[in-house]
Amino acid sequence: METTLPGTTVYEEHQSFWLLNVIALVVAVGLVATALLSGVDPSKSRPEDLASIAAALVLAIGAMWGFSRLNIAVTTTDFRFGFLIWHRRVPADRVQVGEIAHIPMWYGIGLHFVGGQWVYNAKLGRGVQVVINGRRYLIGSDNPERLQAALLQVAPRRSKA
């Protein structure tokens, strides 16, 4: 039998939705172009107004970028998943592994609470259902079979949900 050291990575995945970054850029350029073409003279605006608009654009683009890449790691001791902005790390013994499920298009991209579960995904497709401390999650994956197998290797408890 093969032995692995505690904390050794069993599975790792980085799922990107690059189109979200393109959308953010197009929205930012569109907002700036609209402001310039609307006849508003930036030289007559108050500096705090321009700063507020710039800050709002930076925050919106940062949020879109922060939710455009889903990172997943299964180690012999824990399960980590989430985005740059929002992520989870739980001990493997608290994870109950469920089935592979389809992620409907209307669930969207990012982090959502829908259908009685938290959905983490950066692409449409499929994911693995897990239960952690009584909460249901659907974790999007490019290879849900491998993710499920890795989770079962370190957290062999099956979910009844």
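Source: prediction; values computed, not measured.

A.B. asks: For this particular structure, what's the right way to read the overall build of the protein chain?
C.D. replies: On a plain count of helices and strands, the protein chain comes out with three helices and nine strands. Taken from N to C terminus, the helices and strands of the protein chain fall in the order β-α-α-β-β-β-β-β-β-β-β-α. Burial statistics for the protein chain: of 161 residues in total, 33% are counted as buried. Taking contacts inside the protein chain between residues at least 6 apart in sequence as the whole, the part at least 24 apart equals 59%. For the protein chain, the exposed area adds up to about 9,700 Å²; of that, 63% sits on carbon and sulfur atoms.

A.B. asks: So what exactly am I meant to see when it comes to the pattern of salt bridges here?
C.D. replies: Any two side chains of opposite charge can pair, given that their charged atoms come close. Overall, the coordinates contain four salt bridges when judged by the stated rule. Taking the shortest distance from any N to any O, the salt bridge between Asp78 and Arg80 comes out at 3.3 Å. The class of Asp78 is buried, set by a relative accessible area of 5%. Through salt bridges with shared partners, a single ionic network connects Asp78, Arg80 and Arg89.

A.B. asks: It is not clear to me how a nonpolar patch on the surface should be interpreted in this structure. Could you clarify?
C.D. replies: A contiguous nonpolar surface patch, about 470 Å² in accessible area, is contributed by Trp65, Leu84, Ile85 and Trp86. Summarising the element assignment, Trp86 is placed in the loop between strand S3 (78-82) and strand S4 (87-91).

A.B. asks: Before we go on, may I ask you to explain the packing of aromatic side chains in this structure?
C.D. replies: For any pair of aromatic rings, the description rests on two quantities: the centre-to-centre distance and the angle between the ring planes. Counted under the stated rule, the structure contains seven aromatic pairs. Ring geometry for Phe81 versus Tyr137: centroids 5.6 Å apart, planes at 70°, classification edge-to-face. Placement of the pair is Phe81 in strand S3 and Tyr137 in strand S9 (residues 135-141), with a sequence separation of 56 residues. Given a relative accessible area of 3%, Tyr137 falls into the buried group. Following the ring pairs from residue to residue traces out a cluster consisting of Phe79, Phe81, Phe83, Tyr120 and Tyr137.

A.B. asks: I tried to follow the nonpolar core on my own but got confused; where do I start?
C.D. replies: Within the largest apolar cluster, 23 residues are counted, with the highest numbers of intra-cluster contacts made by Phe79, Val95, Val130, Ile139, Leu147 and Leu151. Taken together, the elements giving at least two residues each to this core come down to strand S2 (69-75), S3, strand S5 (95-103), strand S8 (125-132), S9 and helix H3 (144-154). Ignoring anything within four residues of it in the chain, the contact list for Phe79 reads Ile72, Ala73, Val74, Arg88, Arg89, Val90, Val95, Val130, Ile132, Ile139, Leu147 and Leu151. In terms of nonpolar packing, the next biggest core, distinct from the first, is built from six residues, Ala101, Ile103, Tyr107 and Val119 among them.

A.B. asks: Any chance you could explain the sheet that holds strand S6 (residues 110-114) here in plain terms?
C.D. replies: Two pairing modes exist for strands in a sheet, parallel and antiparallel, and in both the strands are linked by backbone hydrogen bonds. Across the sheet, which stays open at both edges, the five strands sit in the order S5-S8-S9-S7-S6 with mixed pairing between neighbours. Strands at the two margins of the open sheet, each flanked by one partner only, are S5 and S6. Adjacent strand axes in the sheet meet at a mean angle of 25° when their direction is disregarded. Here S6 pairs with strand S7 (residues 117-121) via five bridges, running antiparallel. Bridge pairing in S7 places Gly110 opposite Asn121. Packed onto the sheet, H3 meets S5, S8 and S9 and runs at close to 170° relative to S5.

A.B. asks: Help me understand the sheet that holds S4 in this model?
C.D. replies: Spatial ordering of the open sheet is given by S1-S2-S3-S4, a layout of four strands whose pairing is antiparallel. The sheet is open, and its two edges are formed by strand S1 (9-16) and S4, each paired on a single side. When strand polarity is set aside, the average angle formed by the axes of neighbouring strands in this sheet is 5°. The pairing of S2 with S3 spans four bridges and is antiparallel. Bridging across to S3, Ile72 finds its partner in Phe81.

Conventions adopted
Residues numbered from 1 in each chain as written. Predicted model: local features only at pLDDT ≥ 70, side-chain atom pairs only at ≥ 80, totals over all residues. Heavy atoms only, no water. Helix = DSSP H or I, 4+ residues; strand = E, 2+ residues; numbered from the N terminus. Buried < 20%, exposed > 50% of the residue type's maximum accessible area, 1.4 Å probe, protein only. Contact = heavy atoms within 4.5 Å. Areas by Shrake-Rupley, 256 points an atom, 1.4 Å probe, with all protein chains shown as cover. Salt bridge = Lys/Arg side-chain N within 4 Å of Asp/Glu carboxyl O. Patch = residues over 30% accessible without salt bridge, like charges linked within 9 Å, V, L, I, M, F, W, Y side chains within 5 Å. Phe/Tyr/Trp six-rings, centres within 6.5 Å; stacked < 30°, edge-to-face > 60°. Core = buried A, V, L, I, M, F, W, Y, C linked by side-chain atoms within 4.5 Å. Pairing = 2+ DSSP bridges. Axes fitted to C-alpha atoms, helices over the stretch in contact; angles between N-to-C directions.

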